[in-house]
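Summary of structural features
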Amino acid sequence: MELQEMHRQLMARLTNRGLVSATISQPRQKSGDLKRVRLKPVEIKNIYHIQFEYQHEHVLKHKNLTVEEAAAELAELFAEFRQGLFQFNEEKVQIQLSKKLKVSWKTEQTEKKQAQLSHNRKKRYLLEEGVPYPFLVRLGVQNPDGSVKKQKYDKFRQINRFIEFIDDSLVHLPKDRTVRILDFGSGKSYLTFALYHYLRIEKGLDLRVTGLDLKKEVIEECRGIAEDLGYEQLEFLVGDINEYNEESAVDMVVTLHACDVATDMALSRAVKWNAKVILSVPCCQSELNHQINSPELGIMLQHGLIKERFSALATDSIRAELLSLVGYETQLMEFIDMEHTPKNILIRAYKTGRKPEAGQLERYRQFTGLLSAKPFLENELKELL
C-alpha cells in the first residue's frame, strides 16, 4: 500500500467516527523527546474531535482536533513514527512503515466496540463506585453496600488515581516470580492496601508487599487490618527508611509524602536495588530552599513564598533528571487535583537502562550550578553518575 492510500483509508474511518482508540509509536529518531502518541475520540460542546495525547520523555501534552485537523496531524506523525495501531468499531488496523515509507497494512475483525465520546463523562474508576471492596469498607472509605462515604470521596478518587499508576506499571513487573514491593512511609496505608488488593486480588500476581513506617501504633493497626482481610503477603514493619537493610533487590518502591530528604533516601535505595518501578509523591522539600544562592534569580527568590515554591519544583526536577541519568524513564505527573492537595506531583520512573543523552549530565551541572545547589540525592548516586 502507498502512503497516500493509507491516509485515504484512515481519513475514511475517522470521518465515519469509527475510531475507538489508537497508539502511534516507534519514533524514527531514537534521540527524540516524543515517545508515542495516543488517540481517542471526544465530544466537546457537541462537536466531534480526536484527542491526541503526546507522551514526551518527562511530560504529557494534549490537543483536541477536528477530523480534518486530525488527518493533517496524522500525516505529520507518520513522517516521524513507524508504527500505528488503530482500534475501530469492528476492526483493528496495524500499520508499519518502512524506511522508504512503504506501508504494511494489516486488519483484523474484532467484536463491536463503542467509543465513549463525552469529554466530561462521569469518571470510570478501576475500583468502581457501588462495588464493595473489603479493604475500603474496613478503612472507612465505603459503606458495606459499596457506596462511598461523602467525606471520603476525595480519598476514593486519590486511591483510584494511584491504582491507575499501578496499572500502567504492570508491564514493567516480572511475571515469572514473586514481585517484591516496598512502601516507605506507609502511614495509614490506604494506598498500600489498594496496591495489594489491585495486584493480588484483581490481577492475581504473586507478590510480597512491605509497608514501613516509624509510628508503632499505626503499624499495629495496619497489621490488624491486613490480618482481618486475610492479606497474607502484606506485612507492616516499624522502621526508618535509612536503616532498612533487609533487601538486596526490589521490583517496585513506593514512597508517598516522605518529608524532605527522606524521599531522596528512598529514591536512592530504589536505584541501588535496581527497582523496575518507582512511584514517589514528595513532601516538605526544604533542602534546596536553604541552599539556593542565585543572583540571576533574585527577582523571584527575594520573595519567601516564591522561593519556597520554586525550590520544591526545582527539587523534583532535579530528582527526575538524576533518575534519568542513572537509567530510568522518568516523568513528573499530576497525582491529584491541586484543589484537593498541594502535594500533587508524582515522580514515576521505569528502569530502562538507557544511557544518558549527549550533554545531559553537563546540562544538569549547569542547572545545579546556577542554583549553587548540592542535592542530597546527587551525593547518594554519585558513583552511578
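Residues numbered from 1 in each chain as written. Predicted model: local features only at pLDDT ≥ 70, side-chain atom pairs only at ≥ 80, totals over all residues. Heavy atoms only, no water.

With that out of the way, let us pick up the overall build of the chain. Looking only at helices and strands, the chain features twelve helices and 14 strands. Taken over the C-alpha trace, the chain has a radius of gyration of 23 Å; the compact-globule value for 385 residues is 21 Å, and the two agree within 12%. Its C-alpha atoms put the chain at 65 × 60 × 45 Å along the principal axes. In the chain, buried positions account for 47% of the 385 residues. The long-range fraction of contacts in the chain, counting pairs at least 24 apart against all pairs at least 6 apart in sequence, stands at 64%. Carbon and sulfur atoms provide 48% of the accessible area of the chain, an area that totals close to 20000 Å². (Helix = DSSP H or I, 4+ residues; strand = E, 2+ residues; numbered from the N terminus. Rg over C-alpha atoms; globule rule 2.2 N^0.38 Å. Buried < 20%, exposed > 50% of the residue type's maximum accessible area, 1.4 Å probe, protein only. Contact = heavy atoms within 4.5 Å. Areas by Shrake-Rupley, 256 points an atom, 1.4 Å probe, with all protein chains shown as cover.)

Residues three or four positions apart in an α-helix share a direction because the helix packs 3.6 residues into each turn. The end-to-end C-alpha distance of helix α11 (residues 360-371), which contains twelve residues, comes to 17 Å, matching closely the 16 Å that a straight helix rising 1.5 Å per residue would cover. Residues of α11 that are buried: Gln360, Tyr364, Thr368 and Leu371. Burial along α11 is one-sided: seen end-on, the buried residues are contained in an arc of 70°. Buried residues in α11 make contact with α8 (287-291), α10 (304-325) and α12 (376-380). Phi for serine 372, located one or two positions after α11, is positive at around 55°. (Expected span 1.5 Å × (residues − 1). Arc of directions from axis to C-beta.)

A separate point is the pattern of salt bridges. Two side chains that carry opposite charge are able to pair once their charged atoms sit near each other. Taken as a whole, this structure holds 15 salt bridges when the rule is applied. For aspartate 168, the salt bridge identified is with arginine 348, shortest N-O distance 3.3 Å. Placement of aspartate 168 in helix α4 (residues 153-169) and of arginine 348 in strand β14 (residues 345-351) is noted, with a sequence separation of 180 residues between them. For aspartate 168, a relative accessible area of 42% puts it in the partly exposed group. (Salt bridge = Lys/Arg side-chain N within 4 Å of Asp/Glu carboxyl O.)

On to the pairing of strand β1 (residues 19-27). Sheet topology places β1 next to strand β5 (residues 81-88); seven bridges connect them, and they run antiparallel. Residue pairing across strands places threonine 23 opposite leucine 85, the latter belonging to β5. Pairing geometry for β1 and strand β2 (residues 34-44), over three bridges, is antiparallel. Within β2, the residue paired with isoleucine 24 across the bridge is valine 37. (Pairing = 2+ DSSP bridges.)

Quick look at the sheet that holds β5 now. Taken together, the seven strands give an open sheet; going across it, the order is β4-β3-β2-β1-β5-β6-β7, and neighbouring strands pair in antiparallel fashion. At either margin of the open sheet sits one strand with a lone partner, and together these are β4 (60-65) and β7 (103-109). Each adjacent strand pair in this sheet contributes to an overall mean axis angle of 15°, direction not counted. Across the sheet, helix α2 (residues 67-77) touches β1, β2, β3 (47-56), β4 and β5, and the angle it forms with β3 is around 25°. (Axes fitted to C-alpha atoms, helices over the stretch in contact; angles between N-to-C directions.)

This part is about the side chain of glutamate 378. As for its placement among the helices and strands, glutamate 378 is situated in helix α12. Among the polar contacts listed, one links the side chain of glutamate 378 to the side chain of arginine 365, at a separation of 2.5 Å. Once you skip the residues sitting within four places of it in the chain, glutamate 378 turns out to touch Leu322, Tyr364, Arg365 and Leu385. (Polar contact = N/O pair within 3.5 Å; in protein donor to acceptor, adjacent residues only side chain to side chain.)

A residue-level look at the chain finds 95% of positions with pLDDT of 70 or above and a mean pLDDT of 89. Least confident of the elements in the chain is β4, whose mean pLDDT is 86; most confident is α11, at 96. Below a pLDDT of 50 lies the segment residues 337-341, which in the model reaches five contacts outside its immediate sequence neighbourhood of four places, other chains included. (pLDDT = per-residue confidence, 0-100.)

Taken together, the side chains of Met300, Leu305 and Ile306 make up a nonpolar region of the molecular surface, amounting to roughly 240 Å² of accessible area. Within the fold, leucine 305 resides in helix α10. (Patch = residues over 30% accessible without salt bridge, like charges linked within 9 Å, V, L, I, M, F, W, Y side chains within 5 Å.)

Moving on, we come to the sheet that holds strand β12 (residues 277-283). Pairing is mixed across the open sheet formed by seven strands, whose spatial order is β10-β9-β8-β11-β12-β14-β13. Where the open sheet ends on each side, the last strands, each with one partner, are β10 (234-238) and β13 (328-334). Going from strand to strand, the sheet's axes swing by 15° on average, the running direction of each strand aside. Looking at chain direction, β13 and β14 are connected through seven bridges and run antiparallel. The partner of glutamate 329 across the bridge, within β14, is tyrosine 350. In the packing of helix α7 (residues 261-272) onto the sheet, the strands contacted are β8 (179-184), β11 (252-259), β12 and β13, and the crossing angle to β11 comes to about 170°.

Another aspect to go through is empty space enclosed by the protein. Inspection of the entire model under this criterion finds one cavity of 30 Å³ or more. The volume enclosed by the largest cavity comes to roughly 40 Å³. Along the walls of the largest cavity sit Asp264, Glu287, Leu288, Thr315, Ile318, Arg319, Pro375, Phe376 and Leu377, which together make up its complete lining. Broken down by secondary-structure element, the contributors of at least two residues to the lining of the largest cavity are α8, α10 and α12. Broken down by element, the residue count for the lining of the largest cavity peaks at three residues, all from α10. In the lining of the largest cavity, the residues fall into five nonpolar, one polar and three charged. (1 Å grid on protein atoms, 1.4 Å probe; cavity = no way out; pocket = protein on both sides within 12 Å on 5 of 7 lines; lining within 4 Å. Points joined across faces, edges and corners; volume = space filled by probe spheres on them. Nonpolar A, V, L, I, M, F, W, Y, C, P; charged D, E, K, R; others polar.)

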